[in-house]
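What follows is each chain in one-letter form.
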Amino acid sequence: MDKIRAMITGIQGYVPEYRLTNKELEKLVETNDEWITSRTGIKERRILKGENQGTSVMGIEAVKGLLEKTNTDPLDIELIICATVTPDMPFPATANIIADKVGAKNSYSFDVSAACSGFLYALQLGSQFIQSGTHKKVIVVGADKMSSIVDYQDRTTCILFGDGAGAVLLEPTTEEFGVMDAILKADGSGEPYLHMKAGGSRRPASHETIDAREHYAYQEGSTVFKFAVTNMADVSAEVMERNGLQGEDIAWLVPHQANKRIIDATANRMGVGPEKVMMNIERYGNTTAATIPLCLWDYEKQLHKGDNLILAAFGGGFTWGAIYVKWALDPK
Ligand code: UT7
């Protein structure tokens, strides 16, 4: 029997309207546009405003758009996986809320927590369900409302993050397209350098944890930077080597958007020129699980059938990985 692969047959993103600019951040913390731009490449980020607006709001918009665009009946969706570290609430899963609101009544759904590598983890998971031959339509969502866990008094983190969501539809093919290979890694000893101190079972919410501002993302930036630069580049090079790919064979590097300097280093190591690197960090900042699908969405019109893409990420956990995708569609 021919090998079944999971191909991406649709991509849709959603970002909220509100733009938090570097200029506005200058009013909140001791920082400036020049520092933020030169150290990170970020100019502005989108923020989801309003009462009772959780991550699912953005995931729902992305999935609704995806279903419409691909002419897919929500009742045909068998599984929805949502990668997020900012679920609407600890339980139920945000994926359940999304499934309900888009009318995916025949689907089961769950969340994946792998921080900035979340979309890659969820994509590989979703692909396995397709490759096994048991599922025909799986949706993978990457969505985060980082503004809900960002401390706008901490200049080392608040300048980095934004809100957004992206979703892809996975369907089977026996042709040489789709998710070709994946290398995913994790190292739990990275916990001290990037985590949220309280709000989980180890340190449930209390007056003390709130007073100590422990319900926000904490990051030791320069340590994470060093790990990210090495590991994202190493794993991208490894997946290329394993598949006999040289720099010139790659149509696009689709990197997690955490810092332009990390992206440049990864592209360099892969021998891929800047014209082949998807980048939208200047407009959205780091949207955690949403960066990679938001890049694919932004660059969709420039993607052609047969293009070799390397998706790469590094994030909290530590988690990191690279996925080799052969794009299955020509631009509409
Ligand atoms: O997506 C999940 C994974 N996360 C990442 O990949 C992020 C990795 N880390 C980074 O991208 C970078 O480490 C940052 C952008 C967070 C920071 O850049 P850096 O070049 O590593 O700066 P630094 O932390 O070493 O700080 C350099 C200086 C410090 O001042 P002193 O000690 O040299 O006087 C900071 O206090 O810059 C200062 N600084 C700032 N200055 C102006 C830190 N944040 C700011 C700020 N504005 N917002």
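Note that the structure is a prediction, hence the values are computed from the model and not measured.

Here the focus is the packing of aromatic side chains. Scanning all chains against the criterion turns up 6 aromatic pairs. Pairing phenylalanine 227 with phenylalanine 318 gives two aromatic rings, centres 4.9 Å apart and planes at 45 degrees, and the pair type is tilted. Highlighted residues: phenylalanine 227 in helix α8 (residues 221-242) and phenylalanine 318 in the loop between β12 (308-315) and β13 (319-326), separated in sequence by 91 residues. Between phenylalanine 314 and tryptophan 320, the ring centres sit 5.8 Å apart and the planes meet at 35 degrees, which makes this aromatic pair tilted. An aromatic cluster of three or more residues is present, and its members are Tyr193, Phe227, Phe314, Phe318 and Trp320. Its end group placed over the ring of tyrosine 218, lysine 197 keeps NZ or CZ at 4.0 Å from the ring centre. Note that arginine 283 overlies the ring of tyrosine 284, its terminal NZ or CZ placed 4.9 Å from the centroid.

A few words now on the sheet that holds strand β7 (residues 163-173). The sheet built from 5 strands is open, its strands ordered β1-β7-β6-β4-β5 with mixed pairing. Sheet topology places β1 (5-14) and β5 (108-112) at the edges, where each strand pairs with a single neighbour. Each neighbouring strand pair of the sheet contributes to a mean axis angle of 20 degrees, computed without reference to strand direction. Pairing between strand β4 (residues 79-83) and strand β6 (residues 138-145): 5 bridges, direction parallel. Each bridged residue has a counterpart across the sheet, and for alanine 83 the counterpart in β6 is glycine 142. Helix-sheet contacts for helix α4 (residues 94-102) involve β4, β5 and β6, and the interaxial angle to β5 is about 140 degrees. The strands that helix α5 (residues 118-131) touches are β1, β4, β5, β6 and β7; relative to β6, the one it contacts most, it runs at about 165 degrees.

The subject of this paragraph is the side chain of serine 147. With respect to the secondary-structure elements, serine 147 resides in the loop between β6 and α6 (155-158). For serine 147, the side chain forms a polar contact with the side chain of aspartate 163, separated by 2.7 Å. Aside from chain neighbours lying at most four places away, what touches serine 147 is Ile47, Leu48, Tyr152 and Asp163.

One finds Leu123, Val254, Leu309, Ile310 and Leu311 to be the most contacted residues of the largest nonpolar core, which totals 76 residues. Dropping the residues within four chain positions of it, valine 254 is found in contact with Met278, Ile292, Cys295, Leu296, Leu309, Ile310, Leu311 and Ala312. Formed by 21 residues, the second largest nonpolar core is a distinct cluster that contains Ile60, Ile77, Ala99 and Val141.

Time to look at the domain arrangement of the protein. Per the domain assignment, the segments making up the protein are domain 1 (5-176) and domain 2 (180-326). Across the boundary between the two partners, domain 1 contributes 46 residues, which contact 43 residues of domain 2. Taken together, the two surfaces of domain 1 and domain 2 that pack against each other cover about 3700 Å², and 63% of this comes from carbon and sulfur. Run the count over domain 1 and domain 2 and you get 2 salt bridges. Notably, a salt bridge pairs glutamate 300 with lysine 69, separated by 2.8 Å at the nearest N-O pair. At the boundary of domain 1 with domain 2, the tally comes to 16 residue pairs in polar contact (both at pLDDT 80 or more). For the side of domain 1 that touches domain 2, the elements supplying multiple residues, two or more each, are β1, α2 (33-40), β3 (44-47), α5, β6 and β7. For the side of domain 1 that touches domain 2, the per-class residue count stands at 21 nonpolar, 14 polar and 11 charged.

Looking now at the sheet that holds strand β11 (residues 252-255). The strand order across the open sheet formed by 4 strands is β8-β13-β12-β11, and the pairing between neighbours is mixed. If you trace the sheet from one side to the other, it starts and ends with β8 (178-186) and β11, each paired once. When strand polarity is set aside, the average angle formed by the axes of neighbouring strands in this sheet is 15 degrees. By the bridge criterion, 8 bridges tie β12 to β13 in an arrangement that is antiparallel.

Among the structural elements, glycine 118 can be located in helix α5. Linking glycine 118 and glycine 321, residues 203 residues apart in sequence, is a C-alpha distance of 9.8 Å. Every residue in contact with glycine 118, bar those within four places of it in the chain, is listed here: Ala83 and Val112.

Bringing the site of the ligand into the picture now. Looking at the ligand, there are 23 residues lining it, with Thr31, Arg39, His256, Asn259 and Asn286 nearest. At 2.9 Å from an oxygen atom of the ligand is found a side-chain nitrogen or oxygen belonging to arginine 155. Within the side chain of asparagine 259, a nitrogen or oxygen atom sits 2.6 Å from an oxygen atom of the ligand. If the ligand stood free it would expose 960 Å²; the protein chains cover 73% of that surface. The set of elements that each furnish at least two residues to the shell around the ligand consists of α2, α6, α8, α9 (260-270) and β12.

Rules used throughout
Residues numbered from 1 in each chain as written. Predicted model: local features only at pLDDT ≥ 70, side-chain atom pairs only at ≥ 80, totals over all residues. Heavy atoms only, no water. Phe/Tyr/Trp six-rings, centres within 6.5 Å; stacked < 30°, edge-to-face > 60°. Helix = DSSP H or I, 4+ residues; strand = E, 2+ residues; numbered from the N terminus. Lys NZ or Arg CZ within 6 Å of the ring centre and 35° of its normal. Pairing = 2+ DSSP bridges. Axes fitted to C-alpha atoms, helices over the stretch in contact; angles between N-to-C directions. Contact = heavy atoms within 4.5 Å. Polar contact = N/O pair within 3.5 Å; in protein donor to acceptor, adjacent residues only side chain to side chain. Core = buried A, V, L, I, M, F, W, Y, C linked by side-chain atoms within 4.5 Å. Buried < 20%, exposed > 50% of the residue type's maximum accessible area, 1.4 Å probe, protein only. Domains from an automatic or database assignment. Buried area = accessible area lost by both parts, 1.4 Å probe. Salt bridge = Lys/Arg side-chain N within 4 Å of Asp/Glu carboxyl O. Nonpolar A, V, L, I, M, F, W, Y, C, P; charged D, E, K, R; others polar. Near = heavy atom within 4 Å. Areas by Shrake-Rupley, 256 points an atom, 1.4 Å probe, with all protein chains shown as cover.

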